[in-house]
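Coordinate analysis (summary)
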Amino acid sequence: MTFASRITRTPIAFDPDHGADIAALFGDLPPELLEVLVGTAGCSPYLKELMEKDPDWLREALSGTPEVAFQSAMQLSGDTDSTLRTSLRIGKRRIALLTGLADLAGVWSLEQVTGALTDFAGLATDTAMKFQVGQEIRRGKLPGMGEDDIATAGGMVALAMGKMGGHELNYSSDIDLIMLFDDSRFDRDDFHEARSSHVRATRRMAAMLSELTADGYVFRTDLRLRPDPAVTPVCVSMEAAERYYESLGRTWERAAHIKARPCGGDIAAGEAYLKRLLPFIWRKHLDFAAIQDAHDMRLRIREHKGLHGDITLPGHDMKLGRGGIREIEFFTQTRQIIAGGRDPDLRSNQTVPGLAALADKGWVPAEVAETLTRHYRFHREVEHRVQMFRDQQTHKLPSNEDEFHRLACMMGTRDLDALKVRIHDALAEVHELTEGFFAPDERDTAAPNLGDDAEEIVGRWGRYQALRSARGREIFNRLKPDLLARLAAAPRPHDALIQFDGFLKGLPAGVQLFSLFEANPHLIDLIVDIAATAPALAVYLGRNSQVMDAVIGGGFFSDWPGEAALTDRLSEVLAEAGDYEAQLDATRRWTKEWHFRIGVHFLRGLTHAREASAQYSDLAGATLAALWPCVVANFAAKHGDQPGNGAVVVGMGSLGAQSLSATSDLDVIVIYDPAGVEMSDGRRPLATRAYYARLTQAYVTAITAPMSEGMLYELDMRLRPSGRSGPVATSIDSFTAYQRDEAWTWEHLALTRARPVAGNLELGARLEAIRGDILATPRDPAKVVQDVIDMRARIAGAKGAGRGALEAKLGPGHLQDVELVAQAAALLSPVTPRNPGDQIAQGVAIGWFTDAEATALAASHDLMWRMQATAKLLTDGPLDLHEVGQGGLDLILRETGADSEAALVADMKTRGEAATAAIEAVLSRPPTET
């Protein structure tokens, strides 16, 4: 479509005389085009001058499509400094004229206008820098570089920053560049000479673009966004820049790099550099501390520019003033910084798409994003017209009525009052929406009554590690009134205060978490709930406070995905993690977040003990399965691929039975199949047995090693053949032979719960068939029963009857006792289920248990299991109701269905005694055959 056919609005000539001059010059054009030119010239002396300088080009440009005209303006040429300078300035003049007319006539959208300006800026930058680097190369000043290296500017790259980086240049914008060179392309001895050459080329490039000549200028060029510009040269080595950002980079520099992109020179080197800088820009945790940094920066800008006070339109700064463009950009970029490290979909370098992505992911209400987007477009429209007056880099509204009338005419209206109302309302609404995010209202500071010792407890908070920094104290002091009020609203305020005090004392640092609470006050209720109900979960949270990210990261309260989906999700995380150490830390972060999710759901009654147990088991299985390939790949890099058919990790005990609790360790064994292969084939080959032994040790270390993100799980490998004295990894043939010929009864009992969880699952299927054959082998029921009787006696002698009336695991008729007999039933059955409830049912199926005995066993196991699972959420030690408080007791009563502590104790005693009687009865009469 031609330019004329796409006109949707027409500016009104503010100065009719200027319009008349253009009407005379272009009187041969179609009326609709002439009206646009006349109105534009009557409003903008600058655009009138451009029309008069290049009338023939403009006629040709307007005869076709604006896209063809744009391509015509982008044609640059020049073999010498002077000819290239002229070509650049003519190109800029034509781009300015075309975009101005396309903007005023509504032919192009905002994105098309800013995109065209930005594309020309990128072309101009690339052309000028390659010309100047070429001059350096031809003079022999850039060591090791020849004519072929001019195409990549000898390793130099221009990073477009700010609006240029986001393809959002305004009409009379300067361009912000960070100039870098790839020092890896030069020998160490040539570094200083290469840097000097790139510095010269940069200075000459900037002069070529920004110096004012008879043909005008191209772009004012600002190089001050580079690292520490007061002391660094205008072109910095990539290695030096990376060191700076890793050690000294500030939040505003992270925000600036959201928009960074290579726009000239060695584009591939620039993209690789920005990829290396991703951990600096995008933090692995939700970064709510960035809110305060951004707010402080806003205040400094206002103070420096004198922009405090109410919105008054004359002279108001549409960019930096209240409710201006920068407010919308800060709002968007700050939320991107908060969450972009965890969600790459939020990393847009443009404001409008960035707001849309934030709304789509739930970080910004959709109506807020729509409102800010609408005002952002309007603000930019006003800004462009103010700059079109006289090609001035200004963002200020006119200071007198005549100039305001000129602005209204450029916007196609004579209703000045309506325009002023629209501008004021837009500024006010932007300010209201963004100010509430950066500077929420102060809260009531009255301290509630939390008990006689509350003042003493609260008074010592200032000495805790999390409040050592001035910034941590500042944020926490703003939080404290609301926090104390929420503690006071807890069912048992003093208990909640005591447990919160323990949580706060355990925090190693506070700025990030306190910032998170300030931005999301509803999370304080969750902390209070946890502190008042589950001290062990509060302690866990104090040591792993980053898991709070998951609560607001999306999906925290969605349906449980299951083990397979979890494995896939973690595998995706690990694929993006980078090196091996990063993978181990990423696994820890991910697993802890999901572990915390299970605990919170259980705590809040969204799930119950059995569901939580299955979820803890799914999580452990997914973690083991997704991490195994990473360990194997890292190990294989040195010692070669797995010899034979690989290995399988087998879950035993509660992991195999899928009945883990919050604090369970994991019982595993590793089985491998050498398939006749004696050695691996890597750089440092190993004998097959040694290979799998060391691979298993590496896997254990990957799971248990304390790293910056803590450890994953405690592992127990004592259930492998021959226990501690046996090899850590066993070949499938040795495992089979051992189980058939040497294993004790207790080892076959343990085998009833074995389940492949990681590694080569085809090998796992073979192992499952072997397990079935071994457990189906005919055996003497009387011997099995006698062995169980002996084991009961040894356990009772070693561990006694437990620790108090609320002990669920140990003691006659309690968990361990019931599970031992249930496993015996599975061992003597033709089928071997892993779950204790199904194993008890098999005892009935083979005629060993009566229905009444099975009911007694199942009833005791069910109560004891719910008691144990709840207790492990509350504390990782023996259950002490005084320690867990009333909130903990309430959770136990809710889960067990008891009315009171006394009723619970009585029920446990009754069910335990009934189960004991059933166990002794069935052990006194072994089944006659299996």
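Scroll up a little and you will see the structure.
The sections below set out a description of the structure shown in this document. Just so it is clear, the structure is predicted and the values come from calculations on it, not from any experiment. Numbering of residues starts from 1 in every chain and runs along the sequence as written. Residues qualify for local features only when their pLDDT is at least 70, as the model is predicted, and side-chain atom pairs are given and counted only at 80 or more; totals for whole chains, interfaces and linings, by contrast, use all residues. The side-chain values count all of the structure's non-hydrogen atoms but skip hydrogen atoms and water molecules.

**Some points on the overall build of the protein**
Along the protein, the regular secondary structure elements total 40 helices and 10 strands. Taken across its 930 residues, the protein has 56% of its residues classed as buried. Strands are runs of DSSP state E lasting at least two residues, helices are runs of H or I lasting at least four, and both sets are numbered from the N terminus onward. Each residue is placed in one exposure class: buried if its accessible area under a 1.4 Å probe, protein chains only, is under 20% of its type's maximum, exposed if it is over 50%, and partly exposed if it falls in between.

**Quick look at the nonpolar core**
In this description, a nonpolar core means a group of buried Ala, Val, Leu, Ile, Met, Phe, Trp, Tyr and Cys residues linked to one another through side-chain atoms lying within 4.5 Å. Counting 95 residues, the largest nonpolar core has Met51, Leu407 and Ile423 as the members making the most contacts within it. In terms of residues, this core owes the most to one element, helix H7 (residues 110-138), which gives 11 residues. Whether two residues touch is decided by their heavy atoms; if any such pair falls within 4.5 Å, the residues are in contact. With residues up to four places along the chain from it excluded, the contact list for Leu407 reads Val382, Arg385, Val386, Phe389, Leu397, Pro398, Leu419 and Ile423. Membership of the second largest hydrophobic core comes to 72 residues, among which are Phe596, Ile598, Tyr672 and Ala898.

**Here's the deal with helix H5 (residues 66-73)**
Those residues of H5 that fall on the buried side of the exposure criterion are Pro66, Ala69, Phe70 and Ala73. Take H5 and look down its axis: the buried residues cluster within an arc of 105°, on one side only. Of the surrounding elements, those touching the buried residues of H5 are helix H4 (55-63), helix H6 (81-104) and H7. By construction, the arc corresponds to the directions joining the helix axis to the C-beta atoms.

**Some remarks on the pattern of salt bridges**
Definition used for salt bridges: Asp or Glu carboxyl oxygen within 4 Å of a side-chain nitrogen of Lys or Arg. Applying the stated rule across the entire model yields 47 salt bridges. When the shortest N-O distance is used, the salt bridge between Arg94 and Asp54 registers 2.7 Å. With Arg94 in helix H6 and Asp54 in the loop between helix H3 (45-53) and H4, the pair connects residues that are 40 residues apart, well separated along the chain. Salt bridges sharing partners connect three or more residues here, namely Glu136, Arg139, Arg200 and Arg204.

**Description of the packing of H7 against helix H17 (residues 366-388)**
Close contact between H7 and H17 brings their axes to 11 Å; oriented N to C, the two are set at 50°. Classified by the angle between their axes, H7 and H17 sit oblique to one another. At the point where H7 passes H17, the crossing takes the left-handed sense. Residue-level contacts link Leu110, Glu111, Val113 and Thr114 of H7 to Tyr376, Arg377, Arg380 and His384 of H17. Axis definition: a line fitted to C-alpha atoms, limited for helices to the stretch in contact. Angles are taken between N-to-C directions and run from 0 to 180 degrees. Throughout, the term roughly parallel applies to angles under 35 degrees, roughly antiparallel to angles over 145, roughly perpendicular to angles from 65 to 115, and oblique to all others. Two helices cross in a left-handed way if the nearer one is turned anticlockwise from the farther one by less than a right angle. They cross in a right-handed way if the turn is clockwise.

**Some words on the packing of aromatic side chains**
Side-chain rings of Phe, Tyr and Trp, where Trp is taken by its six-membered ring, are said to pair if the distance between their centres is within 6.5 Å; with planes under 30 degrees apart they count as stacked, over 60 as edge-to-face, and otherwise as tilted. With the rule as written, the count across this model stands at 16 aromatic pairs. On the numbers, 5.5 Å between centres and 85° between planes, the contact of Trp560 with Trp594 is edge-to-face. Residue Trp560 is found in the loop between helix H26 (549-552) and helix H27 (563-575), and its partner Trp594 is found in helix H28 (residues 580-603); the two are separated by 34 residues along the sequence. What makes Trp594 buried here is its relative accessible area of 12%.

**Looking at a positive patch on the surface**
A cluster of basic side chains, namely Lys638, Arg683, Arg684 and Arg694, defines a positive patch on the protein surface. Looking at the secondary structure, you find Arg683 in the loop between strand S7 (666-672) and helix H31 (688-704). Patch criteria: residues need more than 30% relative accessible area and no salt bridge. Like-charged residues are merged within 9 Å; nonpolar side chains of Val, Leu, Ile, Met, Phe, Trp and Tyr are merged within 5 Å. Per-residue accessibility takes into account occlusion by the displayed protein chains alone, with areas from the Shrake-Rupley method and a 1.4 Å probe. Residues scored as charged are limited to Lys and Arg (positive) and Asp and Glu (negative), so that His and the chain ends carry no count. Each charge is placed at NZ for Lys, CZ for Arg, CG for Asp and CD for Glu.

**Comments concerning the environment of Phe280**
Among the structural elements, Phe280 can be located in helix H13 (residues 278-281). For the pair Phe280 and Tyr245, spaced 35 residues apart in sequence, the C-alpha separation works out to 6.8 Å. If near-sequence neighbours (up to four positions away) are discounted, Phe280 is found in contact with Tyr245, Gly249, Arg250, Glu253, Arg254 and His257.

**Some words on the pairing of strand S1 (residues 156-160)**
Of all 5 residues in S1, 5 are buried, a share of seventy percent or more. Two strands are counted as paired when DSSP detects at least two bridges linking them. Here S1 pairs with strand S5 (residues 261-265) via 4 bridges, running antiparallel. Counted as the bridge partner of Ala160 is Arg261 from S5.

**So, the side chain of Ser617**
Note on placement: Ser617 falls in helix H29 (residues 609-639). In contact with Ser617, other than residues within four places in its own chain, are Ser654, Leu655, Gln658, Ser659 and Leu660.

**A look at the environment of Leu25**
Mapping Leu25 onto the fold places it in helix H1 (residues 16-25). C-alpha of Leu25 to C-alpha of Glu52: the two residues are 27 residues apart in sequence and 8.1 Å apart in space. Residues in contact with Leu25, not counting those within four places in the same chain, are Met51, Glu52, Pro55 and Arg59.

**A few points about the packing of H28 against helix H38 (residues 851-874)**
Running from amino to carboxyl end, H28 crosses H38 at an angle of 115°, the nearest separation of the two axes being 11 Å. Viewed along their axes, H28 and H38 form a crossing whose handedness is left-handed. Touching Gly599, Phe602 and Leu603 of H28 are Ala869, Thr870 and Leu873, all from H38. Charged means Asp, Glu, Lys or Arg here, nonpolar means Ala, Val, Leu, Ile, Met, Phe, Trp, Tyr, Cys or Pro, and polar covers whatever is left, Gly included. Classifying every residue of the contact of H28 with H38 gives 4 nonpolar, 2 polar and no charged.

**Things to note about unusual backbone geometry**
In this structure, Asp228 is a non-glycine residue whose phi angle is positive, near 45°. Examined against the element boundaries, Asp228 turns out to sit in the loop between strand S3 (221-222) and strand S4 (235-237). With phi around 55°, Asp391 is a residue other than glycine that occupies positive phi space. Locating Asp391 in the fold gives a position in the loop between H17 and helix H18 (401-410).

**Points about helix H37 (residues 836-845)**
Listing the buried residues of H37 in full gives Pro836, Gln839, Ile840, Gln842 and Gly843. What you see down the axis of H37 is that its buried residues fit within an arc of 155°, all on one side. Its buried side turned inward, H37 meets helix H36 (815-827) and H38. Definition of a polar contact: a pair of N or O atoms within 3.5 Å, with one able to donate and the other able to accept a hydrogen when the atoms are protein atoms, and with sequence-neighbouring residues admitted only if both atoms are side-chain atoms. Structurally, the start of H37 carries an N-cap: the backbone nitrogen of Gly837 is 2.8 Å from a side-chain oxygen of Asn835. Within two residues after H37, Gly847 carries a phi angle of roughly 80°, on the positive side.

**Examining the side chain of Ser613**
Here Ser613 is to be found in helix H29. Setting aside chain neighbours within four positions, we find Ser613 in contact with Gln658, Ser659, Leu660 and Trp865.

**A short note on the environment of Ala609**
Secondary-structure assignment places Ala609 in helix H29. In this structure, Ala609 is in contact with Phe602, Trp865, Arg866, Ala869 and Glu895, ignoring residues within four places of it in sequence.

All quantities given are derived from atomic positions and should not be read as evidence of function.
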